[in-house]
Amino acid sequence: MTVREVCTELKGISRRTFYRWRELGEAPQAFKLPNGELRVWRSDFNAWLNARERAAV
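- Under an unreviewed UniProt entry, the name given to the protein chain is Helix-turn-helix domain-containing protein, and the source organism is Streptomyces sp. 900105245.

This is the structure we're talking about:
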């Protein structure tokens, strides 16, 4: 998933919010492509989201 796709899935959070979460270690695991762009595996995103949902209950 691209950063844009992640932000859209999270109801339109800003890219800045995503990068801030990365700085704080609170974002889903991401990796860099050779061109420097970030990507998130869908499975990592889903696991991250599920962990957040369980913590909220």
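Read on for the rest.
## A few points about the pattern of salt bridges
- Under the counting rule described, the total for this entry stands at four salt bridges.
- A salt bridge links Glu-23 to Arg-16, with the nearest nitrogen and oxygen atoms 3.4 Å apart.
- Overall, the relative accessible area of 52% leaves Glu-23 in the exposed class.

## Some words on the packing of aromatic side chains
- Within the structure shown, the criterion is met by four aromatic pairs.
- When the ring of Phe-18 is compared with that of Tyr-19, the centres are 5.5 Å apart and the planes differ by 80 degrees; the resulting orientation is edge-to-face.
- Taking 5.9 Å as the distance between ring centres and 40 degrees as the angle between the ring planes, the aromatic pair formed by Trp-21 and Trp-48 counts as tilted. One end of the pair, Trp-21, is in helix α2 (residues 15-24); the other, Trp-48, is in helix α3 (residues 42-56), and 27 residues separate them in sequence.
- With relative accessibility at 24%, the residue Trp-21 sits in the partly exposed group.
- Looking at Trp-48, the relative accessible area reads 10%, which means it is buried.
- Here the aromatic residues Trp-21, Phe-45 and Trp-48 are joined through ring pairs into a cluster of three or more.

Criteria and cut-off values
Here the residue index of a chain counts from 1 through its sequence in written order. Given that the model is predicted, a residue must reach a pLDDT of at least 70 before its local features are reported, and side-chain atom pairs must reach 80 or more before they are shown or counted; all residues, however, enter totals for whole chains, interfaces and linings. For side-chain calculations, the full set of non-hydrogen atoms in the structure is used, while hydrogens and water are omitted. Salt bridges are defined as contacts in which a side-chain nitrogen from Lys or Arg sits within 4 Å of a carboxyl oxygen from Asp or Glu. Only protein chains enter the accessibility calculation, which uses a 1.4 Å probe. A residue is then buried if its area is under 20% of the maximum for its type, exposed if over 50%, and partly exposed in between. Only rings of Phe, Tyr and Trp enter the pairing, Trp through its six-membered ring, and a pair is recorded when the two centres are within 6.5 Å. The plane angle decides the type: under 30 degrees is stacked, over 60 is edge-to-face, the rest tilted. Comment: elements are numbered from the N terminus, with helices defined as DSSP H or I runs of at least four residues and strands as E runs of at least two.

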